[in-house]
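What follows is the residue order along each chain.
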Amino acid sequence: MTINWYGIAAIYTFEMNRMWRTIGQSVVSPVLSTSLYFIVFGAAIGSQMQEIGGVSYGAFLVPGLVMLSLLTQSVSNAAFGIYFPKFTGTIYETLSAPISAIEIVIGYVGAAATKSLILGAIILLTATLFVELRVAHPFWMLFFLILTATTFSLLGFIIGIWAESFDQLQIVPLLVITPLVFLGGSFYSIDMLPPFWQNVTLLNPVLYLVSGFRWSFYEISDVSPLISVAFILAFTTVCVTIVWWIFKTGYKVKS
Amino acid sequence: MTTLISVNKLEKEYDNGFKALKSVDLQIEEGEIIALLGPNGAGKTTLISAICGIVNPTGGSVTVGGFDIINDFRKTRKLIGLVPQELTTDAFETVWATVSFTRGLFGLPRNDAHVEKILKDLSLWDKKDNKIIQLSGGMKRRVLIAKALSHEPRILFLDEPTAGVDVELRKDMWNVVRRLREDGVTIILTTHYIEEAEEIADRIAVIRAGEIIVVEEKNTLMKTLGKKTLTLELADPIKALPDSVSSFGAELAEDGQTLTYRYDANAERKGITRLLTALASDGIRFSDLSTSQSSLEDIFVDLVSSQGDAA
């Protein structure tokens, strides 16, 4: 089987260049907002909070904040990356090129995931300025980081294909992802909630990501890390299936 | 000549039930320039889009260089460069970057010398570091052509290349087209400027309401369908034509001084001698005489409207 490596590289590089060009909104603004979270929640409010599972509140926050950026940035980067050529019409070129659907996805999603990972790394580094970090399971930390960035970039890609306006492009990250992250135990352990809300939170998919990711740092988690791993793999499968279906049917891409 | 593109019973029905292509058959020969002529909405762009892979056909098949466009899409698409009708460009990229991007997308390694040559050929070299958003419409059109040529295609599709383009660019573009043809590149262009097709194409396909109604060598088409017109300037104005003359179908202009007679250039009996004899016997003298051949435009209008009457 032949693979159009140059084609994948062209899309990937194109998307990465877009990031360097818009470095302000791609990197600076998420880093700034994360720093603000650290100052407000970690330093100001955190000093009044007791430790959670033997971890200071500031340190407890870090995995949640990284996930917050990872999820929102993966989705919006990938969504914008594919929506824009659809919007301007330049997608004609990709459709008429000797490149398969899977190669197109690798290019776009790979670039979006890379950006999120760079961002995640920067936020982790920023965090070390505020709190002392330790990583108990580096392999699993990278596992969650990479798989989450990839899967949510896939989700973003799907949203970008689906969206027919800039409004729709914003709506999912804003109205779905952000609330799920805030309510998914990014800033607290679900033990702190009344039992009813604990059960509701168990329906929130983001809980499993944050919990697993936090476990890889501090070995404390709201749900078993195995369930987290199973969950992220299942979610990846769902996204891959939808993307496969999109290209099989040409949904909103080809007529 | 060998057939390079073979379109067989190609159909496209959109979800809303609109049939953009109705069983289209078309063979395109290697190295020729073929013009797809037709009114707006006839299906020209749909046909091109289907061959290039942008539109999924709902029936029939297409082969390019002997390969099926669906099963062997990598082989067929590498052969093709497409210049779309709309000026769709990445506004914030530089000219150089966007042309290089296309080359990569089509699976070729970087080749700065080739990109440089294309940009120079299209008078884009001094704009290579400009962002596309800073370019004029004509320059953007050149960029689209450069992109289409970046991967050294054997086939070039030009979809309405001269719509809204100034004279200079039009000349430049036809020079590029001629040069490409000398290199053996097959060129398919759509246009509704008939004089363009007349000037540059080897063959003409007329498409109307999703059907190809004529495919013919340009010269043959003009010969077989062409009518000639005989124009006589009368020495003295007359009020009306005598019956002996008007029975041939000759017409008198309002000034009473110009007589026109249209005849089939290929007919065995063209009726010219009889017309002139009739004029002489009625004592009508003429001071000048000329004949002219109908243009492709007249042929086209004839074709499209007569088919319209039939439908």
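Anyway, here's the lowdown on the structure attached to this text.

The next point concerns the overall build of chain B. The helix and strand inventory of chain B stands at 11 helices and 14 strands. Relative to a compact globule of 311 residues, whose C-alpha radius of gyration would be 19 Å, chain B shows 24 Å and is clearly more extended. Its C-alpha atoms give chain B principal-axis dimensions of roughly 80 × 45 × 40 Å. For chain B, the proportion of its 311 residues judged to be buried stands at 35%. Expressed as a percentage of contacts within chain B between residues at least 6 apart in sequence, the contacts between residues at least 24 apart total 71%.

Time to look at the sheet that holds strand 8 (residues 186–191) of chain B. Residues and elements named next belong to chain B. The strand order 6-7-8-3-9-10 describes an open sheet built from 6 strands, whose pairing is mixed. Across the chains shown, the open sheet's two edge strands, defined by having one partner strand only, are strand 6 (80–83) and strand 10 (211–217). Averaged over neighbouring strand pairs, the angle between their axes works out to 15° when direction is ignored. One ladder, built from 4 bridges, connects strand 6 with strand 7 (residues 155–159); its direction is parallel. Note on strand 7: the bridge partner recorded for Ile 80 is Ile 155. Each of strand 6 and strand 7 touches helix 5 (residues 137–149); the most contacted strand, strand 6, lies at about 170° to it.

With that settled, the discussion passes to the pairing of strand 13 (residues 258–264) of chain B. In summary, the side chains of a regular strand alternate between the two faces of the sheet. All names here are of chain B. Note that strand 11 (residues 227–234) and strand 13 share 7 bridges and pair antiparallel. When the bridges of strand 13 are listed, Glu 233 appears paired with Thr 258. Judged from the 2 bridges that link them, strand 12 (residues 251–252) and strand 13 form a sheet pairing that is antiparallel. Bridge pairing in strand 13 links Glu 251 to Thr 260.

What follows concerns the packing of helix 1 (residues 5–21) of chain A against helix 3 (residues 95–105) of chain B. Helix-helix packing: each pair is described by the crossing angle between the helix axes and the interaxial distance. In the contact formed by helix 1 of chain A and helix 3 of chain B, the axes pass within 7 Å of each other and the chain directions differ by 145°. Contacts from Tyr 6, Gly 7, Ala 9, Ala 10 and Phe 14 of chain A of helix 1 of chain A reach helix 3 of chain B at Phe 101, Gly 104 and Leu 105 of chain B. The class makeup of the residues in the contact of helix 1 of chain A with helix 3 of chain B is 6 nonpolar, 2 polar and no charged.

Moving on to the sheet that holds strand 14 (residues 286–293) of chain B. Within the open sheet, the 4 strands sit side by side as 12-13-11-14 (chain B). Their pairing is antiparallel. What marks the edges here is a single partner per strand, and that holds for strand 12 and strand 14 of chain B.

Moving on to the environment of Ile 80 of chain B. Residues and elements named next belong to chain B. With respect to the helices, strands and loops of the structure, Ile 80 is situated in strand 6. The spatial distance from the C-alpha of Ile 80 to the C-alpha of His 151 is 8.7 Å, given a sequence separation of 71 residues. Excluding anything up to four places from it in sequence, Ile 80 contacts Cys 52, Val 64, Pro 153, Ile 155 and Phe 157.

Now for the packing of helix 6 (residues 138–162) of chain A against helix 9 (residues 205–218) of chain A. Residue and element names in this part refer to chain A. It is at 8 Å that the axes of helix 6 and helix 9 come closest, and there the two elements cross at 150°. Taken together, the axis directions place helix 6 and helix 9 in an arrangement best described as roughly antiparallel. Relative to helix 9, the crossing made by helix 6 is left-handed. Of the residues in helix 9, those touching helix 6 at Trp 140, Met 141, Phe 144 and Thr 148 are Leu 209, Gly 212, Phe 213, Ser 216 and Phe 217. Of the residues that constitute the contact of helix 6 with helix 9, the class distribution is 6 nonpolar, 3 polar and no charged.

On to the nonpolar core. In terms of nonpolar packing, the biggest core is built from 68 residues, with Met 67, Leu 71, Val 75, Ala 79, Tyr 108 and Phe 157 of chain A touching the most fellow members. Residue contributions to this core peak at 17 residues, all from helix 3 (residues 57–88) of chain A. Dropping the residues within four chain positions of it, Leu 71 of chain A is found in contact with Phe 152, Ile 177, Val 181 and Val 206 of chain A. Formed by 62 residues, the second largest nonpolar core is a distinct cluster that contains Ala 42, Val 62, Ile 187 and Ile 207 of chain B.

Further remarks concern the environment of Ile 213 of chain B. Residues and elements named next belong to chain B. Looking at the element boundaries, Ile 213 is found in strand 10. For Ile 213, a count of 16 C-beta atoms within 10 Å gives the class partly exposed. Along the backbone, Ile 213 and Lys 75 are 138 residues apart, and their C-alpha atoms lie at a distance of 30 Å.

What follows covers helix 2 (residues 23–45) of chain A. All names here are of chain A. Its 23 residues give helix 2 an end-to-end C-alpha distance of 31 Å, which sits within 8% of 33 Å, the value for a rise of 1.5 Å per residue. In the structure, helix 2 departs most strongly from a straight axis at Ser 29, where the bend amounts to approximately 25° and where the proline Pro 30 lies between one and four residues downstream. Ser 26, Pro 30, Thr 34, Phe 38, Phe 41 and Gly 42 are the residues of helix 2 that are buried.

This brings us to the interface of chain A and chain B. If you look at the interface, chain A gives 22 residues, while chain B gives 25 residues. Those elements giving two or more residues to the side of chain A that touches chain B turn out to be helix 1 and helix 4 (91–95) of chain A. The greatest single-element share of the side of chain A that touches chain B, amounting to 6 residues, is contributed by helix 1 of chain A. The residue inventory of the side of chain A that touches chain B, partitioned by class, reads 9 nonpolar, 10 polar and 3 charged.

Cut-offs used in this document
Residues numbered from 1 in each chain as written. Chains lettered and ligands numbered in written order. Predicted model: local features only at pLDDT ≥ 70, side-chain atom pairs only at ≥ 80, totals over all residues. Helix = DSSP H or I, 4+ residues; strand = E, 2+ residues; numbered from the N terminus. Rg over C-alpha atoms; globule rule 2.2 N^0.38 Å. Buried ≥ 20, exposed ≤ 12 C-beta atoms within 10 Å, placed from the backbone. Contact = placed C-beta atoms within 7 Å. Pairing = 2+ DSSP bridges. Axes fitted to C-alpha atoms, helices over the stretch in contact; angles between N-to-C directions. Nonpolar A, V, L, I, M, F, W, Y, C, P; charged D, E, K, R; others polar. Parallel < 35°, antiparallel > 145°, perpendicular 65-115°, else oblique. Left-handed = near helix turned anticlockwise from the far one by under 90°. Core = buried A, V, L, I, M, F, W, Y, C linked by C-beta atoms within 7 Å. Expected span 1.5 Å × (residues − 1). Bend = angle between axes of the 7 residues up to and from the residue.

Shape is all these values report; function is a separate question.
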